[in-house]
Amino acid sequence: MNKNQKQFIRPPYDSRFDQLNIINWNFPQNPTFQHGKYCIRFTLILGDGSTLNRQKGGFASAKEAMKYRDNLIVKLTKNQYMPYRFTLKEFYNFWLYYYIIDGCKYAYNTFKYYATPVKRFCEYFRPDTYMDSITTTDLKNFINKCETFSAYKAMMQMIQNSFQYAKNQQIIISNPAPLAIEICKKEKKITKPPTKKNAFTLNELMNLLLTARKMDYTFYLFLLLSASTGARVSETRAICFSKIDFQKKQLLIDCQLGRGYDNEGFDDNTLLSQKRTLKTRNSKRYVPLPDFIMDELYLARARYEETLKNDPEFDENLDFILFRDHGKAIARPYYYFKKLMKKCNIDCTKHVWHDLRHTYATLLDQNNMNMKVVSEILGHYSEEFTNEVYVIHKPEVIIYDTSEVMNSFIESLKLDSTERTIPVYDISFIQEYLF
């Protein structure tokens, strides 16, 4: 089974993490004499209203016990007292499975991004090692074992964030991470690989579309929608007919497909196809659709209706434009895309599916479309980000505009109706969608 299709199971919740905020304390006026030794008994009052009773014994004299008490009160005043000690396993089970998910509200993919370095970290230091025993040298030696930039970056972020959280929650008295990270940045010379920011040329894109159309219609439509809207792969998978305004010729992108923490869809193999919120607040957007895309959507709707009529198990409530058996959403097309590029003699080591977004942004820019509009269509937070990260300033890269440029682009493909590889159905009923 795909590792991403395993059920998500959280470790048991450790209630001690709710008892870290000490707001007050009570100490007796004098130490207690017990078994020939003196001890200090005290009560900690926590933020949730509960109390913790603690004691420290073994003092040879009352004076020694009182000195310990005074030092302890100073620590409590300065927020330097730890009510509990946590092992790496205990701490990261809470930090990763509860703080990251419930506290930070991170998506499942972000959780997975942190999960890998956490696993390596605990394996290296042993799960039963106490958090407060990790030193700056320990962290430096461990970080320096990262061989790739991606592993190095993920490990640095995980260590920085988790140890800062531990310090803020008084799980550790001092934070060894900042100094270790500073030293590693000076000593560890891992060169950041150049960002893969590529776009397809017009001829490459034409070749991909024409070849895909002969291979499989659903995959072709997937490729075409991604290339002509700039939508992310997870957003393209989620496109439904109900999100298409056939009159205004625009698409509403308001969700994506992926998996969450609730294991929904595990039993029927749709775990990775659950509707989820978009990547950012700016990702919800309307995308204009050129005429030739509307033509394809009319045909896709006819194909959908025909399949629905002939398949008694088809789930019409799903409404996916890109569907597989019984109306379920299709998977990410990475394997078929790589196969397609090889068939088109395009170096698949230099391109990924995400390059379709770079391609879309670049030609919109080259056709003098306002960068703020381009940014909004792509769902970015700023036009500067779109221009710096997505637009490729190379004269040989040709992409397309949303309407006029896209329409002229498709005409260059010469997509004659006689060349279509899908059945042509009676689509007279489609007129109703126009009004």
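Residues numbered from 1 in each chain as written. Predicted model: local features only at pLDDT ≥ 70, side-chain atom pairs only at ≥ 80, totals over all residues. Heavy atoms only, no water.

Asks: Give me the lowdown on the overall build of the protein chain, citing residues and values where you can.
Replies: The secondary structure content of the protein chain amounts to 15 helices and nine strands. Residue burial in the protein chain is summarised as follows: out of 435 residues, 46% are buried. Put simply, of all contacts in the protein chain between residues at least 6 apart along the chain, 68% involve residues at least 24 apart. For the protein chain, the accessible area works out to roughly 23300 Å², and carbon and sulfur atoms hold 48% of it. (Helix = DSSP H or I, 4+ residues; strand = E, 2+ residues; numbered from the N terminus. Buried < 20%, exposed > 50% of the residue type's maximum accessible area, 1.4 Å probe, protein only. Contact = heavy atoms within 4.5 Å. Areas by Shrake-Rupley, 256 points an atom, 1.4 Å probe, with all protein chains shown as cover.)

Asks: How would you summarise helix α6 (residues 177–187) if you had to cite specific residues and measurements?
Replies: Listed in full, the buried residues belonging to α6 are A177, A180, I181 and C184. Taken down its axis, α6 places every buried residue within 95 degrees of arc, on the same side. On the buried face of α6, the contacting elements are α4 (136–143) and α5 (149–168). (Arc of directions from axis to C-beta.)

Asks: Before we move on, can you summarise the sheet that holds strand β6 (residues 250–253) with the specific residues and values?
Replies: As summarised here, the arrangement of the three strands in space is β5-β6-β9, forming an open sheet in which the pairing is antiparallel. Looking at strand neighbours, the two that pair on one side only are β5 (244–245) and β9 (285–288), the edges of this open sheet. Where β5 lies against β6, two bridges are found, and the strand directions are antiparallel. Looking at β6, one finds that D245 is bridged to Q250. (Pairing = 2+ DSSP bridges.)

Asks: Describe the nonpolar core, and please don't skip the residues or the numbers.
Replies: Nonpolar side chains tend toward joint burial in soluble globular proteins. The biggest cluster of nonpolar side chains holds 58 residues, and the ones touching the most others in it are L208, L223, I244, L297, I321 and F337. Elements represented by at least two residues in this core include exactly α7 (202–215), α8 (217–229), β6, α10 (291–310), α11 (334–343), α12 (355–366) and α13 (371–378). It is α8 that contributes the most residues to this core, nine residues altogether. The contacts of L208, once residues within four sequence positions are left out, are F200, L223, F337, L340, M341, C344 and I346. In terms of nonpolar packing, the next biggest core, distinct from the first, is built from 54 residues, F59, A65, F86 and F94 among them. (Core = buried A, V, L, I, M, F, W, Y, C linked by side-chain atoms within 4.5 Å.)

Asks: Before we move on, could you go through the pairing of strand β4 (residues 51–59) and cite the residues and values that matter?
Replies: Bridge count for strand β3 (residues 37–46) against β4 is seven bridges, and the pairing is antiparallel. Across the sheet, residue T43 finds its bridge partner in β4, namely N53. Between β3 and β4, which pair antiparallel and follow one another directly, the connecting turn spans four residues, one of which, G49, has a positive phi of 95 degrees.

Asks: Account for unusual backbone geometry, with residues named and values stated.
Replies: A positive phi is found at H35, a non-glycine position, where the angle reads about 55 degrees. Mapped onto the secondary structure, H35 falls in the loop between β2 (32–34) and β3. Unlike most non-glycine residues, H326 shows phi in positive territory, near 60 degrees. Assignment of secondary structure puts H326 in the loop between α10 and α11.

Asks: If you had to explain the packing of aromatic side chains to someone new, which residues and values would you point to?
Replies: Scanning all chains against the criterion turns up 44 aromatic pairs. Centre to centre, the rings of Y92 and F121 are 5.7 Å apart; their planes meet at 65 degrees, and the pair counts as edge-to-face. With a gap of 29 residues between them, Y92 in helix α2 (residues 88–103) and F121 in helix α3 (residues 108–125) connect regions that are remote in the sequence. Relative accessible area serves as the criterion here: at 0%, F121 is assigned to the buried category. Relative to Y165, the ring of Y99 has its centre 4.2 Å away and its plane inclined at 35 degrees; by these criteria the two rings are tilted. Of this pair, Y99 sits in helix α2 while Y165 sits in helix α5, and the two are 66 residues apart along the sequence. Since its relative accessible area comes to 29%, Y99 is described here as partly exposed. Overall, Y165 belongs to the buried group, its relative accessible area being 11%. The ring of Y130 has R85 sitting right over it, with the charged end atom 3.9 Å from the ring centre. Positioned above the aromatic ring of Y108 is the side chain of R259, whose terminal nitrogen or guanidinium carbon lies 4.3 Å from the ring centre. (Phe/Tyr/Trp six-rings, centres within 6.5 Å; stacked < 30°, edge-to-face > 60°. Lys NZ or Arg CZ within 6 Å of the ring centre and 35° of its normal.)

Asks: Break down the confidence of the model for the protein chain for me, citing the residues and quoting the values.
Replies: Per-residue confidence for the protein chain gives a mean pLDDT of 83; residues scoring 70 or more make up 83%. Mean pLDDT in the protein chain bottoms out at helix α15 (residues 404–413), which sits at 48, and peaks at α2, which reaches 96. Across residues 395–403, where pLDDT falls below 50, the model places 42 contacts with residues more than four positions away in sequence or in other chains. When the criterion is pLDDT under 50, residues 412–435 qualifies, and its contacts beyond four places in sequence or with other chains add up to 32 contacts. (pLDDT = per-residue confidence, 0-100.)

Asks: Account for the packing of α4 against α6, with residues named and values stated.
Replies: Packing of α4 against α6 brings their axes to within 8 Å, and their N-to-C directions diverge by 40 degrees. When the axis of α4 is compared with that of α6, the two are oblique. Relative to α6, α4 is oriented so that their crossing is right-handed. The segment α4 lies against α6, with T136, L139, K140 and I143 engaging A177, L179, A180, I181, I183, C184 and E187. Split into classes, the residues belonging to the contact of α4 with α6 amount to eight nonpolar, one polar and two charged. (Axes fitted to C-alpha atoms, helices over the stretch in contact; angles between N-to-C directions. Parallel < 35°, antiparallel > 145°, perpendicular 65-115°, else oblique. Left-handed = near helix turned anticlockwise from the far one by under 90°. Nonpolar A, V, L, I, M, F, W, Y, C, P; charged D, E, K, R; others polar.)

Asks: Any chance you could break down α7 for me, citing the residues and the numbers?
Replies: With 14 residues, α7 ought to run about 20 Å at 1.5 Å a step, and its terminal C-alpha atoms sit 20 Å apart, in line with that. If you check which residues of α7 are buried, you get L205, M206, L208, L209, T211, A212 and R213. (Expected span 1.5 Å × (residues − 1).)

Asks: With reference to specific residues and values, describe the pairing of β9.
Replies: For a regular strand, side chains alternate in direction, first toward one face of the sheet and then toward the other. Here β9 shows one buried face, formed by R285 and V287, and one open face, formed by Y286 and P288. In this structure, β6 lies alongside β9, joined through four bridges in antiparallel fashion. Considered in β9, the bridge of L252 is made with Y286.

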